[in-house]
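Working through the structure, step by step
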Amino acid sequence: MIFTLFISSFLAATLLPGGSEALLIYDLTQRPEWVLTLVIVASIGNSLGSVTSYGLGIIGAKKLTEQQLQSKAALWVKHYGVYSLLLSWLPLIGDVICVAAGLFKLPLWRSILFITVGKTCRYTVIAMVFFAA
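In short, a report on the structure.

1. Description of the overall build of the chain
Secondary structure summary: the chain contains 7 helices and 0 strands in total. Order of helices (α) and strands (β) in the chain, N terminus to C terminus: α-α-α-α-α-α-α. For 133 residues, the compact-globule formula gives about 14 Å, and the C-alpha radius of gyration of the chain, at 15 Å, lands near that figure. The C-alpha extent of the chain, read off along each of the three principal axes, is 50 × 25 × 25 Å. Here the chain holds 133 residues, and 38% of them are scored as buried. Accessible surface, the chain: about 7,500 Å² in total, of which carbon and sulfur atoms supply 74%.

2. A look at the environment of Ile 93
Residue position: Ile 93 is located in helix α6 (residues 93-103). On the accessibility criterion, Ile 93 (31% relative accessible area) is partly exposed. Ile 93 sits 35 residues away from Met 128 along the chain, and the two C-alpha atoms are 24 Å apart. With near-sequence residues (within four places) excluded, Ile 93 lies in contact with Ala 73 and Trp 76.

3. Overview of the state of the cysteines
In the structure shown here, the tally under the stated rule is 0 disulfides. In this structure Cys 98 is not part of a disulfide, and its nearest cysteine sulfur, from Cys 121, lies 15 Å away.

4. Some details on the packing of aromatic side chains
Enumeration over the complete set of coordinates arrives at 3 aromatic pairs. Seen in terms of ring centroids, Tyr 83 and Phe 114 are 5.1 Å apart; in terms of plane orientation they differ by 75°. Their pairing is edge-to-face. Of this pair, Tyr 83 sits in the loop between α5 (72-80) and α6 while Phe 114 sits in helix α7 (residues 108-132), and the two are 31 residues apart along the sequence. A relative accessible area of 14% places Phe 114 in the buried class.

5. A word on α5
At 3.6 residues per turn, the α-helix brings residues three or four places apart onto the same side. Within the span of α5, buried status applies to Ala 73, Ala 74 and Val 77. Seen from one end, α5 has its buried residues packed into an arc of 100°, which puts them on one side. The outward face of α5, more than 90 degrees from its buried face, is lined by the exposed residues Lys 72, Lys 78 and His 79. Note on α5: the residue one or two positions beyond its end, Gly 81, has a positive phi of about 60°.

6. Some points on the nonpolar core
With 12 residues, the main nonpolar core is built from Tyr 54, Ala 74, Val 77, Val 82, Leu 85, Ile 97, Cys 98, Ala 100, Ala 101, Leu 106, Phe 114 and Ile 115. Only α5, α6 and α7 provide two or more residues apiece to this core. The element that contributes the greatest number of residues to this core is α6, accounting for 4 residues. Listed in part, the 10 residues of the second largest apolar core include Leu 5, Leu 28, Val 39 and Tyr 123.

7. Focus on the packing of helix α2 (residues 21-30) against α7
Where α2 meets α7, the closest approach of the two axes is 10 Å, and the angle between their N-to-C directions is 45°. Taken as axis vectors, α2 and α7 run oblique relative to one another. Crossing of α2 over α7 shows right-handed handedness. On the side of α2, the interface is formed by Glu 21, Leu 24, Ile 25, Leu 28 and Thr 29, while α7 contributes Arg 122, Tyr 123, Ile 126, Ala 127, Phe 130 and Phe 131. For the contact of α2 with α7, the per-class residue count stands at 8 nonpolar, 1 polar and 2 charged.

Reading the values: rules and limits
- The numbers attached to residues start from 1 for each chain and follow its sequence in the written order.
- In keeping with the predicted nature of the model, local features appear solely for residues at pLDDT of at least 70, side-chain atom pairs appear and are counted solely at 80 or more, and the whole-chain, interface and lining totals rest on all residues.
- Note that water and hydrogens are dropped before the side-chain values are worked out from all heavy atoms of the structure.
- Helix numbers and strand numbers start at the N terminus; a helix is a DSSP run of H or I with at least 4 residues, a strand a run of E with at least 2.
- Between the two quantities, the radius of gyration covers C-alpha atoms and the globule rule is 2.2 Å times the number of residues to the power 0.38.
- Relative accessibility under 20% of the residue-type maximum defines a buried residue, over 50% an exposed one, and the middle range a partly exposed one, all with a 1.4 Å probe and only protein chains included.
- Only the protein chains shown count as cover for residues, with accessible areas throughout obtained via the Shrake-Rupley method and a probe of 1.4 Å.
- Any two residues whose heavy atoms approach within 4.5 Å at even a single point are treated as in contact.
- Count a disulfide wherever a pair of cysteine sulfur atoms falls within 2.5 Å.
- Think of it this way: a Phe, Tyr or Trp ring, Trp meaning its six-membered ring, pairs with another when their centres are within 6.5 Å, and the plane angle makes it stacked under 30 degrees, edge-to-face over 60, tilted otherwise.
- Here, the arc refers to the directions that run from the helix axis to the C-beta atoms.
- The set of buried Ala, Val, Leu, Ile, Met, Phe, Trp, Tyr and Cys residues whose side-chain atoms join them within 4.5 Å is what this entry labels a nonpolar core.
- In this description, a line fitted to the C-alpha atoms serves as the axis of each element, helices being fitted only across the stretch in contact, and the angle between N-to-C directions of two axes falls anywhere from 0 to 180 degrees.
- For classification purposes, angles smaller than 35 degrees are called roughly parallel, those larger than 145 roughly antiparallel, those between 65 and 115 roughly perpendicular, and all remaining angles oblique.
- By convention, the crossing between two helices is left-handed when the near helix turns anticlockwise from the far helix through less than a right angle, and right-handed when the turn is clockwise.
- As a working rule, the residues Ala, Val, Leu, Ile, Met, Phe, Trp, Tyr, Cys and Pro are called nonpolar, Asp, Glu, Lys and Arg charged, and the rest polar, with Gly in that last group.

Pasting the structure below:
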């Protein structure tokens, strides 16, 4: 259960398609007393997946065209810096934000902090909504 949630959360934060929210909710139905553990595991897995996307941005920076560097997500990261990573949890655009953060070589540790805060808030809200329903 825990390992599957971790892998699902990790992969969901990379450029691969997928989501981990449904698995978190399923796991909460099976083990509601594990809420804190499940939120932490999902947050860590998803954050590490986003850090992988950040790394891909660093690696791919040399191969990007001027048009790609001028995309909305890239300009947003350029303008707001590490604070834009608070929205790294957003579907579709969150992955692009993390790649762009690597592209522009935003400070690694601050990037990890803001990614983790955003991801943890998302999973916490999902768990709270689950228990409120």
